[in-house]
There are 2 protein chains.
Amino acid sequence: MSELSQQIDRLDQEDVLAEFCARFVPDVLGVNYLDGNSLGRLSHDARAAIVSTIDDEWGNELIRGWEHWTELSSQLGETLGSQLLGAAPGQVVVSDSTSVNLYKAILSALSLLPDRKVLVADINDFPTDRFILEGIAASNGLELRLIASSMNEPVGPDEFAPYLDDDVAVVVMSQVNYRSGALNDLARLAYVTHSVGALLVADLSHSVGAVPIALDADDVDFAVGCTYKYVNGGPGSPAFLYARERLQSELTQPIWGWFSAADQFQMGLRYEPVPGIGRFLVGTPPVLQLAALKGALGVVCDAGIERIRQKSVIQTELAIELFDAHLAPQGFRLASPRDPAKRGGHVTFEHSEALSFSSSLFSDHRVLVDYRVPNRIRFAPSPLYTSFAQVYEGVMALSKLAAR
Amino acid sequence: MSELSQQIDRLDQEDVLAEFCARFVPDVLGVNYLDGNSLGRLSHDARAAIVSTIDDEWGNELIRGWEHWTELSSQLGETLGSQLLGAAPGQVVVSDSTSVNLYKAILSALSLLPDRKVLVADINDFPTDRFILEGIAASNGLELRLIASSMNEPVGPDEFAPYLDDDVAVVVMSQVNYRSGALNDLARLAYVTHSVGALLVADLSHSVGAVPIALDADDVDFAVGCTYKYVNGGPGSPAFLYARERLQSELTQPIWGWFSAADQFQMGLRYEPVPGIGRFLVGTPPVLQLAALKGALGVVCDAGIERIRQKSVIQTELAIELFDAHLAPQGFRLASPRDPAKRGGHVTFEHSEALSFSSSLFSDHRVLVDYRVPNRIRFAPSPLYTSFAQVYEGVMALSKLAAR
């Protein structure tokens, strides 16, 4: 047994999260799934929660299920807030998609700074973040400034500061870049944003469940994120929205749906939002998806974000070590930060044949990764169900393909 | 056996939809469920569809499920459009909640008439319709005119016309009133709306799956509606949005999410909406809810909306006949149109003790109805699973309670 094999064996034997693999439903093909940052795996708890909600609640309680379903959005928000987001109670709800929540958060922030005319975002941020901003800018006569970031490293204050002035209302920034995995320093971004009196909206889609988050401590104003990546809520699992408590009573949320109305079933004549974070709810929440999320989130909470992050860092370090030994010599380039403190849960390899490699990885080796234009392979171990051996096998399969 | 009992027996024996009751999962209490206009029952097909999507797709296909999940929103839109809405292809998608879709539809209509300053709605319409309009009016400096309708009868052109002039941009109107069940004439409302150059947004939440709808023929401009009432999609089932084909290329939808972007996975720099109805999509759709809806919708389509409506009319006629004989003498008032051509799928009885009767109906008789402020009991047979005997038993249980 080689020294490397022994090292990987030892990592798996000493893995305090190893038992969590059994909390997930194995797939029939035995896929080495390195795409949990696109769609997390199905857990037994998520499956049980949704089946129970269908059979015991929808099927048997019928309409009476709403006596408790109305609480799901805020219950899940509290769990996410306290366990994963570093948010004191009353600041997080779960509803709608990340895109709709971005829209609500950005316009809510704008309602607090109505005289400012500029929005700022990272040109390399996820498309929906930029598109939502572009639409808001177009319909409100605002300017959208896009930071020409380096993408493969966190957005530094020096890159960021030139785009800021006292006409900036809102800065939107992902904590982890969806392509490179670069991990932005939210505390620093919030500090610089606040230095010109603007508000920060953070997108946590690629960090929640992979990286410890401290929204309150970092002084973030608004945040949104999806729950189908590292939180494993399932395809189309609803998104969350965080709004700092001190801002809630002053802001105006743009979509005045009945789920945010005070005395909802009084069917009143005029809209009056509920006090607190509930004002960000809009329409009837997707109860079946919320049930799946509740089950899935419990698994993440049982593991604890600190242990998840510890394993994640060792796994991405291992992937980079293997990259240096086996992929770099074959013309791959690392497109992620080397410093683990600047990296989220995934690493990205560039190669001109990335698209065909991604496809062959699955067809020839049952390794499932994510291809991203133009030449990137995202390689995402998910600590709750990915072993160190799978990280090794994934890189070695890619190396074999490149050697053909 | 009394003449009435014989009549009801015969109705059940001759019911061409009787076999559809077996398509639904019976509840353990054997509830007489007359609240299908709040939340439709669980069907075996909906249950099977969601379990299969969880196990076969999410669990086994993992991320590859998106190769077909991306089509669900438009596939379901086409089925709804052709089978239930009277819409030619390319005009309906399923996504988001009814409230979010109302917001998108109203602002899209406004984008076509940017110089007009007035929105019109029915003061007795469902709260979220009025609230969404109120929010849009507030943030865009528009006037919201509320029609002082009679509520218990359809909104007539004479009631409606005084609120219209050439400053009106958008009229929002439910086809069936959520409290009285009054059925508005969409063709006539569209005609009057268009006579001042305004656009009509119809809310079909209380009519879809209960009443045949002819959006194209009636010349409706936009429509939205939920799928968890008579379509039985389950709690939080996503809503649909219809936009007339000829309007699509000119309008601007307000929430520019990546699911409506052309070349979605090119991750382009600028937002360009897809051609057609897909521009109304926003974020990641709730795949598990869409699966449940797909199963549920199949049952409705198998029955056919014409047969559903025929049975529905006979059931509400029977309910009113029983009301006249047994409830009116005890101080109940009918708060729904007597003419079946002016009535949707439910009837409403008023009584000062409506709240306590609703509660006792369930606890004492296992009859589940819906209470609505201030003094209304909504009584909604759902033709796919409600028998004529259940309509009879429901009214008689209410009569017994009132006689105590």
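Residues numbered from 1 in each chain as written. Chains lettered and ligands numbered in written order. Predicted model: local features only at pLDDT ≥ 70, side-chain atom pairs only at ≥ 80, totals over all residues. Heavy atoms only, no water.

To keep things clear, this is the line we draw: UniProt positions are given in the numbering used here, feature names are shortened, and annotations may be inferred rather than shown by experiment.
Chain A appears in an unreviewed UniProt entry as Kynureninase from Ferrimicrobium acidiphilum DSM 19497. According to UniProt, the comment filed for chain A under the heading Function (unreviewed entry) is "Catalyzes the cleavage of L-kynurenine (L-Kyn) and L-3-hydroxykynurenine (L-3OHKyn) into anthranilic acid (AA) and 3-hydroxyanthranilic acid (3-OHAA), respectively." For the record of chain A, the UniProt heading Sequence similarities (unreviewed entry) holds the text "Belongs to the kynureninase family."

Overview of the sheet that holds strand β5 (residues 168–174) of chain B
Residues and elements named next belong to chain B. The test is simple: DSSP-based pairing: two strands are paired if at least 2 bridges between them are found. Secondary structure elements follow DSSP: runs of H or I of four or more residues count as helices, runs of E of two or more count as strands, with numbering from the N terminus. In this analysis an axis means a line fitted to C-alpha atoms, helices contributing only their contacting stretch, and an angle means the value between N-to-C directions, from 0 to 180 degrees. Should any heavy atoms of two residues lie within 4.5 Å, those residues are considered in contact.
With respect to topology, 7 strands assemble into an open sheet ordered β2-β8-β7-β6-β5-β3-β4, the strand pairing being mixed. Among the strands making up the open sheet, the edge pair consists of β2 (92–94) and β4 (143–147). Sheet twist, expressed as the average angle between the axes of neighbouring strands with direction ignored, equals 15 degrees. The pairing of β5 with strand β6 (residues 199–203) spans 5 bridges and is classified as parallel. The residue bridging S174 from the neighbouring strand is D203, located in β6. Docked against the sheet, helix α4 (residues 72–85) engages β2 and β8 (240–243), running at close to 125 degrees with respect to β2. Of the strands in this sheet, β3 (118–122), β5, β6, β7 (222–225) and β8 are in contact with helix α5 (residues 98–112), which crosses β7 at around 170 degrees.

Details of unusual backbone geometry
Note the cut-off: Residue burial is assigned from relative accessible area. The probe radius is 1.4 Å, only protein chains are included, and a residue is buried under 20% of its type maximum, exposed over 50%, and partly exposed in between.
A cis amide bond links V373 of chain A to the next residue, P374 of chain A, at an omega of -5 degrees. Phi is positive for M151 of chain B, close to 70 degrees, though the residue is something other than glycine. Relative to the helices and strands, M151 of chain B resides in the loop between β4 and α7 (157–160). What makes M151 of chain B buried here is its relative accessible area of 13%.

Overview of the domain arrangement of chain A
All names here are of chain A. We apply this condition: Where each domain begins and ends follows an automated or database-derived domain assignment. The term buried area refers to how much accessible surface (probe radius 1.4 Å) is lost by two components on association, counted for both of them together. Only one rule defines a salt bridge in this text: a Lys or Arg side-chain nitrogen within 4 Å of an Asp or Glu carboxyl oxygen. A 3.5 Å cut-off defines polar contacts: any pair of N or O atoms within that distance qualifies, except that in protein one atom must be a possible hydrogen donor and the other a possible acceptor, and neighbouring residues in sequence count only when both atoms are side-chain atoms. Three classes are used, and their members are as follows: Ala, Val, Leu, Ile, Met, Phe, Trp, Tyr, Cys and Pro are nonpolar, Asp, Glu, Lys and Arg are charged, and the others, Gly among them, are polar.
What the domain assignment lists for chain A is domain 1 (3–42 + 304–403) and domain 2 (48–301). The partner domain 2 presents 28 residues to the 33 residues of domain 1 that form the contact. Taken together, both faces of the contact between domain 1 and domain 2 bury some 2400 Å²; the carbon and sulfur share is 55%. Three residues, I305, H346 and R376, lead the burial of domain 1 against domain 2; their summed loss comes to 20% of the area buried on that side. For the pair domain 1 and domain 2, the number of links is 0 salt bridges. Counting every contact that joins domain 1 to domain 2 gives 15 residue pairs in polar contact (both at pLDDT 80 or more). Sorting the residues of the side of domain 1 that touches domain 2 by element identifies α12 (305–327) and β13 (376–379) as the ones contributing at least two each. Taken together, the residues of the side of domain 1 that touches domain 2 sort by class into 13 nonpolar, 11 polar and 9 charged.

Some words on the relation of the copies chain A and chain B
Let me state the cut-off plainly: What sets the superposition is a least-squares fit of C-alpha atoms, and only residues with pLDDT of at least 70 in both copies go into it.
Superposition record for chain A on chain B: RMSD 0.0 Å, screw rotation 180 degrees, translation along axis 0.0 Å. In the structure described here, the two chain copies are related by an operation that fits a two-fold rotation axis. Most of the interface of chain A is mirrored in chain B, where 100% of its interface residues are also at the interface.

Here's the deal with the interface of chain A and chain B
Where interface size is given, it is often the accessible area lost as the parts come together that is meant. Opposite the 77 residues of chain A that make contact, chain B presents 77 residues. The interface formed by chain A and chain B holds 2 salt bridges in total. Residue D55 of chain A pairs with R47 of chain B through a salt bridge whose shortest N-O separation is 2.6 Å. Where chain A packs against chain B, one counts 26 residue pairs in polar contact (both at pLDDT 80 or more). Considering each element in turn, the side of chain A that touches chain B owes the most residues, 10 residues, to helix α2 (residues 44–61) of chain A.

Side note on the side chain of S360 of chain B
Residues and elements named next belong to chain B. With respect to the helices and strands, the residue S360 is situated in helix α13 (residues 354–365). A relative accessible area of 16% places S360 in the buried class. When residues no more than four places from it in sequence are discounted, the contact partners of S360 are H365, L401 and R404.

Overview of the pattern of salt bridges
In the structure shown here, the tally under the stated rule is 38 salt bridges over all chains. The partner of D185 of chain B in a salt bridge is R188 of chain B, and the shortest N-O contact between them spans 3.9 Å. D185 of chain B sits in the partly exposed class, given a relative accessible area of 39%. Residue class for R188 of chain B comes out partly exposed when judged on its relative accessible area of 47%. The shortest N-O distance in the salt bridge between R372 of chain B and D370 of chain B comes to 3.2 Å. Among the ionic contacts, a cluster of salt bridges with common partners joins D216, D219, R244 and R246 of chain A.

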